[in-house]
Structures are given as C-alpha cells and as structure tokens.
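If you want the building blocks of each chain, they are given just below.
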Amino acid sequence: DDFFREHAGLALTYDDVTLATLYSEILPRETNLETELHERLRLRIPVISADMDTVTEAPMAIAMALNGGLGLIHCNLPEREQLSQVSRVKNNIHGLIQEPIKVSADQTIGDVLTLVEERGFAFRTFPVVDENDTLLGLLPGHTVRPRYASTKVAAAMTPRAQVQTITEKELGKNPIAKADQFFNEHIGIHKLLVVDDDDRLRGLFTISDIERIMQERHSQLKPARDDQFRLLCGAAVTATRNSTGELDRDRILTHIGDLVERGVDVVAVSTAHGFSKGVGDTVKLIREHFPDLPIIAGNVTSGEGVSYLSKCGANIIKVGQGPGSICTTRVVAGVGIPQLTALYVCAKAAEQEGVRILADGGITKSGDIVKALTLAHGVICGGLLAGCPEAPGQLLEINGKVYKQYRGMGSLAAMQAGSAARYGHSSKDSVRKVAAEGVEALKEVNPPLDVVLTQLAGGIQSGMGYLGAPNLVALREKARYIQVSPAGQRESAPHDIVEVKTGN
Ligand code: RVP
C-alpha cells in the first residue's frame, strides 16, 4: 500500500519494479501454487490460457487442465463448434465416467455417427442400453463407420453375454486401482462397464484414462478437475446483439445453457471495455438465469470497473487494457493503464467486493507472473503460450526458423472472423471504418505446453521461496515492491556477455 501511495502519480508495470527478498523458511519446491477463483473453480497452478483464436481451442484447454491450469475456449467460431470444443475437453479424461454416452439398439450407425460429429467425441465405442438403462451390449468403435450407416445398432453390437463388466460393489474403495488391475488381466479389452445389481449401466472406465491417471500420479503438475473428475474448461462468450442493436437475450441464454449442459465450469464475458452497459447487462442476464455459474468478466483497469462488474454478478474480473503483446489499444485509442498499477487499484476494489481479479496480458516471463500474483489470484497468458504445439494454427518456416501465427482479437483479420463485438463494433461495420486495436504477428515455436508450464511454475515457486511465502495467500500479504531505475532494469536481464543461453 505504502509503495503505491508514494507512487500515486506514476503508473507502473512489471519491469518497473522488483520484489524485495524476505526472510524465508520455505524451499521453492515446498510452495503451493493452488488458487481458488471461486468455490467451484480451484486451479492447481494460477495460469489461464487466453480466449484467443490463436491460443485456446480444445487441445490447449485439455493440456492446460492436465497441467493444473485452465483454458478459456475462444468464441471466434460458430456456437456449435465452441460447444463441441467444450465437450472434447470435458469428455477427455475421466476416472470413472459416471454418465457415459449411451445409444439404443434401434438407432442406426448413421445416428451414432451424427452424435459423434455433433458432440466432437474422440471415441466411438458406446454402451447400448434399453429405456431403463439395462445393459444390452457394447457397440464397438470399428463398426461406427459411414459404410454401415443404415445398419441397426442391435445388429452391430457385441451382445451383453460377451461384454465384460464389474459391479459397483466389486469396485471397492480404490476403483482406479481395480480398473487398472482389470485391464492388466484382460489383454485387448479397452472399456470396462460398471453395472448395478440389476445390470443397469452405472459407469464406464477406459484404458487410456486409467493409463493417464496412473502416469499423472508421477508427474509434477497435477490436473485441475471438477467434482466429477472431469478436466476443467472455460468458454468465452460475447454480448451478441440482434438486428435492432439490443442484446440478443435468447441467443445468449440458449448458448450458455448449452455450455452448462456440456459441463462448462466458467464462462468469460470478454471484451476490450468491461466497464460498459453492454457487458454489465450481459453479466446480469447470465447471473439471473444461472445463479451458480462462475462468471469471468472484463476487461477493466479501475476500481469502479471492478465494483460495477461485481455488482452485476461477475465473480472474477479480468484486468488489463493495453498490456497485451499484440495489443495496440494504447497507441490507437490513447487509453489504458500500465499493468501493475491497474492491478493494484483493481485489487483494492476486488477485496472490498469479495471478488477475484486476473492479470490479463503483458506477461512475458515467470518473474512477471510472480509480480502479478502479489495482487491477483491468477494470470491470463496469450503470447507466452501461442507458440506451443497445442495452440491452433499452422507452422511457418522463414529463413530456417519455425514460427506460429499469433494475432490480437482486435486485429482486422480476427475481427473479420467474428471478434468485432469484443471491441465494440458491429460485424456489419465495414473494415475500413473500424480502427484495429491489435496486430497480427508470429511467435517462435515453443516446446509442448507441459514443458513451458513446468518452467513457469518453477519460476513462480522460486519467487515464493525468496519471499518466504508457502502459498499464494502469503505471497499477496508479504510482497514489498521497489522501483527499478533504467540502469537497474538493464542490470536485471543478462548483460555484457556475448552469447546467452537461458538453459530452458
Ligand atoms: P499477451 O499474453 O501479452 O499476449 O496478451 C494476451 C491478452 O491480450 C489477451 O488475454 C487479451 O486480454 C488481450 N488481447 C487480445 N487481443 C487483443 C487485441 O487485439 N488488442 N488484446
């Protein structure tokens, strides 16, 4: 507080400050990176991948959640496609799948193919049940092909007598270990169905999930899951307007209802200017109809903005206007506040309102994350993750170096593809009329996300070790800032050497 009061007339960002070292009794590896963004949204690492069309689709969201973070699926794609992306994440890894997708004996293989396509399932094997959920058989994935489209499921399924099952009682106290043992003992069987005493289907294990879970027990970063053991997943939504310029309430509510039905854990009303009526009304609308759904909203850079959105019903507020690596809002519109000062004013308001804030944009290294987490409950990263193989987009080779496309959602290309509303424009506005607030860029390719996140998590833990902070609550309480001079900034990075290899 003292530091920011003393610097009241000066807006600062990450590189302007350094954190003071404090007495410590804690080693980096002993620190805990868990963060609670909402009682129904706990992450194991406080990192979220940005809802941008060159950053987060299902593969990124899956990898983020597997490593303990969260992905926000962007909304620059048709609503149906966004739904199937969310389904892919939520159906990805389970222990016991408690509500497996089932088919009925009198459907055709063609019906099943449509289901697979619509819901974006990565699997094709389905239990077959009657109207009471009694198990009739198992439809093997290799029969779910267009050439058999007109065949009835009943004719293609493996009949009940030949399907291996286990009862709920037999599963005992450690179902995962039991399922693992089953797959060891039944070579070639990849699905284990769970039934009750009346032979009604109660769940399903798949061999790949079990293998993944056994493997995860040895990996450093543990997955972020919901209470049904599914990976966490978020989705961005826009304030869609109808032809008369009013909020398209029906369309917004239908889409959110569909997202909730698919199991989405949080929705993000993402716009460039969150302290505005359209965003507030959208948040209110969602809150009114979905009282328990965690809502992220933004972006803002003032305490008033935080209070406004939280009063409208948002739980988690995105902070950042202009810090993004592909963002030109400050150049084009002349507005925005350097990120550390924005986080400070927003954190004060968030504390009063009892909501969380996320530091969104401008993060280029793990040290920035440590600084951000002294004020925020999590960070949103775009550019830092856009070069990972899990991000959407083609690779591009230029002069022997390999790059991936990364573009601002306020760039002309992204707005033409659908994100104009995020920047307050109508999709009908001619491109020449709107001023882009983002650029199209390239990022050098990164290693896979788990490598990047392990490095980032290690950096955050180092920072916490230097501050003697065993967890993120302590980090927020203990942090002391010191302003850095230009010479100090030069000194902070590698200098006066010929070749620098960071080692990562
Ligand atoms: P960065 O991580 O620095 O690349 O920033 C990513 C953030 O930038 C996003 O989460 C979003 O808030 C913001 N953004 C996205 N597009 C644009 C733009 O075109 N101006 N800005």
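All figures in this text were calculated on a predicted structure; none of them were measured in a lab. (Residues numbered from 1 in each chain as written. Predicted model: local features only at pLDDT ≥ 70, side-chain atom pairs only at ≥ 80, totals over all residues. Heavy atoms only, no water.)

*Asks:* So what's going on with the packing of aromatic side chains? Residues and values would help.
*Replies:* In this description, an aromatic ring pair is defined by two values, namely the gap between the centres and the angle between the planes. The full count for this structure, using the stated rule, is nine aromatic pairs. Ring centres of F123 and F126 lie 5.7 Å apart, and the angle between their planes is 55°; on these two criteria the pair is classed as tilted. With 5.5 Å between their ring centres and 55° between their planes, F275 and Y308 make a pair best called tilted. Placement of the pair is F275 in the loop between β13 (266-270) and α10 (277-289) and Y308 in helix α11 (residues 303-312), with a sequence separation of 33 residues. Judged by its relative accessible area of 37%, F275 is partly exposed. (Phe/Tyr/Trp six-rings, centres within 6.5 Å; stacked < 30°, edge-to-face > 60°. Helix = DSSP H or I, 4+ residues; strand = E, 2+ residues; numbered from the N terminus. Buried < 20%, exposed > 50% of the residue type's maximum accessible area, 1.4 Å probe, protein only.)

*Asks:* Help me get a handle on the packing of α11 against helix α13 (residues 339-353), residues and values and all.
*Replies:* Between two packed helices, what matters for the description is the angle formed by their axes and the separation of those axes. As a packed pair, α11 and α13 sit with axes 7 Å apart at the nearest point and diverge in direction by 35°. As α11 runs across α13, the sense of the crossing is right-handed. Within the contact between the two elements, α11 uses G303, V306, S307, S310 and K311 and α13 uses V345, C346, A349, A350 and E353. Looking at the contact of α11 with α13, its residues break down into five nonpolar, three polar and two charged. (Axes fitted to C-alpha atoms, helices over the stretch in contact; angles between N-to-C directions. Left-handed = near helix turned anticlockwise from the far one by under 90°. Contact = heavy atoms within 4.5 Å. Nonpolar A, V, L, I, M, F, W, Y, C, P; charged D, E, K, R; others polar.)

*Asks:* Please set out the pairing of strand β15 (residues 316-319) residue by residue, giving values where relevant.
*Replies:* Both faces of β15 are covered, namely the face carrying I316 and K318 and the face carrying I317 and V319. As paired strands, strand β14 (residues 295-300) and β15 are joined by four bridges and run parallel to one another. What sits directly across from A297, in β15, is I317. Read from β14 through α11 to β15, the crossover connection turns out right-handed. As paired elements, β15 and strand β16 (residues 356-360) share four bridges and run parallel to each other. By the bridge assignment for β16, I316 is matched with R356. (Pairing = 2+ DSSP bridges. Right-handed = clockwise from strand over helix to strand, strands pointing away.)

*Asks:* Give a detailed account of helix α16 (residues 449-467), specifying residues and quantitative values.
*Replies:* With 19 residues, α16 should reach 27 Å at 1.5 Å per residue; the first-to-last C-alpha distance of 27 Å fits that figure. For α16, the complete set of buried residues consists of L449, V452, L453, L456, A457, G459, I460, Q461, G463, M464, G465 and L467. Buried positions along α16 lie against β1 (17-19), β4 (47-49), α2 (58-66), α14 (366-372) and α17 (472-478). Residue G468 follows α16 closely and has a positive phi angle near 65°. (Expected span 1.5 Å × (residues − 1).)

*Asks:* Requested: an account of the environment of I109, with residues and values cited.
*Replies:* Residue placement: I109 occurs in helix α4 (residues 109-119). Between the C-alpha atom of I109 and that of L139, which follows or precedes it by 30 residues, the distance is 9.3 Å. Leaving out residues up to four positions away in the same chain, I109 has contacts with L139, T143, V144, R145, Y148, A149, T151 and A156.

*Asks:* How would you explain a nonpolar patch on the surface if you had to name every residue and give the values?
*Replies:* A cluster of nonpolar side chains, contributed by L395, V402 and V445, occupies part of the molecular surface with about 220 Å² of accessible area. Tracing the backbone through its elements, the reader meets V445 in the loop between β20 (440-444) and α16. What makes V445 partly exposed here is its relative accessible area of 35%. (Patch = residues over 30% accessible without salt bridge, like charges linked within 9 Å, V, L, I, M, F, W, Y side chains within 5 Å. Areas by Shrake-Rupley, 256 points an atom, 1.4 Å probe, with all protein chains shown as cover. Salt bridge = Lys/Arg side-chain N within 4 Å of Asp/Glu carboxyl O.)

*Asks:* Could you give an account of the sheet that holds strand β6 (residues 126-129), with specific residues and numbers?
*Replies:* The three strands lie next to each other as β6-β7-β8, forming an open sheet whose pairing is antiparallel. Only two strands of the sheet have a single neighbouring strand rather than two, namely β6 and β8 (158-159). Across four bridges, the pairing between β6 and strand β7 (residues 135-139) is antiparallel. Looking at the pairing, F126 lines up with L139 of β7.

*Asks:* Lay out the pairing of strand β2 (residues 35-38) in plain terms, naming residues and giving numbers.
*Replies:* The pairing of β2 with strand β3 (residues 41-43) spans three bridges and is classified as antiparallel. For T35, the partnering residue across the bridge sits in β3 and is L43. The loop that links β2 with its antiparallel partner β3 comprises two residues.

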